Amino acid sequence: EHGRHIADHLEWGGELSTNHYLSDLLGLAYLGRALKERPMFEFALRELASEIFNQTRADGFDHESSTAYHRLVLEIFFFFGLAATPGPDDKNARRAALERTVGIPFVERFRLMARALSGILDNQGRAPFLGDNDSGHVHSLLHREDADMAYAVDLSALLLGEDSFRRGGSAGSEGVWFFGFEAARRLANVGGTGAPSAPGESGIAVLRGPNDVLVFAAQPNGTRGVGNHTHNDKLSFCLTVGRDAFLTDPGTLTYTAVPEDRNAFRRTAAHSTVQVDDFEQNRIIPEQLFALADDATPTILQYKDGVRVAGHHDGYSRLIDPVLHKRSIERIASPLSWIIEDELEAAADHDLSWKFICGPGIEAVVDGPGVVRLVGEEGELEIKAHPATLRFQIEKGRLAPAYGVEIESAVVSAAWKGKLPFRATFTAVWRMKEGVR
């Protein structure tokens, strides 16, 4: 009866189908397999095999432009893969069965999804919350922090019998439950860090070093422009060195319970980017809690071997005097540092506002004109502004490490007013604390 109810009330929106429809289909796949309802199972199989292409971009990222929802959708396809391929758990059996059941193209796109998530993880296995996060999982089998997403990569690697993108050791318990002790031992012996890859349709770019990762956000509005789970985070970035998440994304505190909080966490000023004249990159219509006006088109202009990325967006082109925001970030290996350059192009006077959103436990200290230090557990990040007339201020910020959970953080801000064009450069240099190994 439950299965028939789902089949009669599918959350399908044609071209705008989302993770809701995938969840319906996974339920039908489970019930069809368990109850030997073959038509039910085969319908779910056909739809999931096609929806993986409708709901992910060519580079593997979920089309809703949210890293947390990407993790959720990867889980849905993973558990579908388990349900669709009963049998021995040797290294290659399940992949071969999956290829026979839903085809090689499905398997390759699923592989790209797992590789895409692996590529944005830091060395602790954490991913930044680009876009919404509602703490959702298919099965919550083990308590984890929401940012911990490496287990989903490792389980996907075990399903495919592939070692190239495993993180190693992050899914030990689940690995035993789903694949047995031998598979879990294989997992523990293989690990590494994701390699930087050229950004694709998703607009996510990664600059990575041995102990550091910077994730640059130039994502379009998700779900074909609707922006249901997208934030105004164009050209923002998150930066982690070791265990210190110096700059981060604020996450998602709530959806419909408190609309003001919902919109506060989506706004431009909640992200590490530049705001012009207090305008939003994409207009937020207060009562439309799952949509953004599709104003800003971000574009990656340059990407060089994981050490430099440049992009722009046109979200401020609707101003009377249109403004184009360009940002480039370059990683310097020695001394470990990043050069962030912002160019704002227009012809009239404008108010510019910068925000740098500090991660949990990061202390921010103004250290002179145009200088601020971010102090973490293992190291410090000193940021110098040029021109030095860009004076830093420290504000209280809000982070949501999980849905409905709020903690306080530091926000570094700077402002400038005058005639454009204008260029600002921020040099961020990392130093290890004394006594830390």
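Residues numbered from 1 in each chain as written. Predicted model: local features only at pLDDT ≥ 70, side-chain atom pairs only at ≥ 80, totals over all residues. Heavy atoms only, no water.

Chemist: Kindly report on the sheet that holds strand β14 (residues 393–402), identifying the contributing residues and their values.
Modeler: Pairing is antiparallel across the open sheet formed by 4 strands, whose spatial order is β5-β10-β15-β14. With one partner strand each, in any of the chains shown, β5 (274–276) and β14 form the two edges of the open sheet. On average, each strand axis in the sheet is tilted by 30° relative to the strand beside it, whichever way the strands run. In the sheet, β14 pairs with strand β15 (residues 405–419) via 8 bridges, with the strands oriented antiparallel. Residue Arg398 lies in a different strand from β15, and its bridge partner there is Glu408. (Pairing = 2+ DSSP bridges. Helix = DSSP H or I, 4+ residues; strand = E, 2+ residues; numbered from the N terminus. Axes fitted to C-alpha atoms, helices over the stretch in contact; angles between N-to-C directions.)

Chemist: Outline the pattern of salt bridges, listing residues and values.
Modeler: Overall, the coordinates contain 24 salt bridges when judged by the stated rule. Bridged by salt links that share partners, the residues Arg95, Glu99, Glu108, Arg111 and Glu162 form one connected network. (Salt bridge = Lys/Arg side-chain N within 4 Å of Asp/Glu carboxyl O.)

Chemist: Explain the packing of helix α3 (residues 38–54) against helix α4 (residues 67–84) to me, using residue names and the numbers behind them.
Modeler: The interhelical angle for the contact between α3 and α4, taken along N-to-C directions, is 140°, at an axis separation of 12 Å. What the angle tells us is that α3 and α4 run oblique. As for how α3 packs across α4, the hand of that crossing is left-handed. From α3, Phe41, Leu45, Leu48, Glu51 and Ile52 reach across to α4, where they touch Phe77, Phe80, Ala83 and Ala84. Residues belonging to the contact of α3 with α4 are distributed by class as follows: 8 nonpolar, no polar and 1 charged. (Parallel < 35°, antiparallel > 145°, perpendicular 65-115°, else oblique. Left-handed = near helix turned anticlockwise from the far one by under 90°. Contact = heavy atoms within 4.5 Å. Nonpolar A, V, L, I, M, F, W, Y, C, P; charged D, E, K, R; others polar.)

Chemist: Let's hear about the packing of aromatic side chains: which residues, and what values?
Modeler: The relation between two aromatic rings is expressed through the spacing of the ring centres and the mutual angle of the planes. By the definition in use, this model includes 13 aromatic pairs. Pairing Phe392 with Phe426 gives two aromatic rings, centres 6.2 Å apart and planes at 45°, and the pair type is tilted. One end of the pair, Phe392, is in the loop between β13 (379–386) and β14; the other, Phe426, is in strand β16 (residues 422–432), and 34 residues separate them in sequence. Phe392 gets classed as buried once you look at its relative accessible area, which sits at 6%. Residue Phe426 is classed as buried on the basis of its relative accessible area of 0%. The cationic tip of Arg33 hangs over the ring face of Phe41; the distance from NZ or CZ to the ring centre is 4.5 Å. (Phe/Tyr/Trp six-rings, centres within 6.5 Å; stacked < 30°, edge-to-face > 60°. Buried < 20%, exposed > 50% of the residue type's maximum accessible area, 1.4 Å probe, protein only. Lys NZ or Arg CZ within 6 Å of the ring centre and 35° of its normal.)

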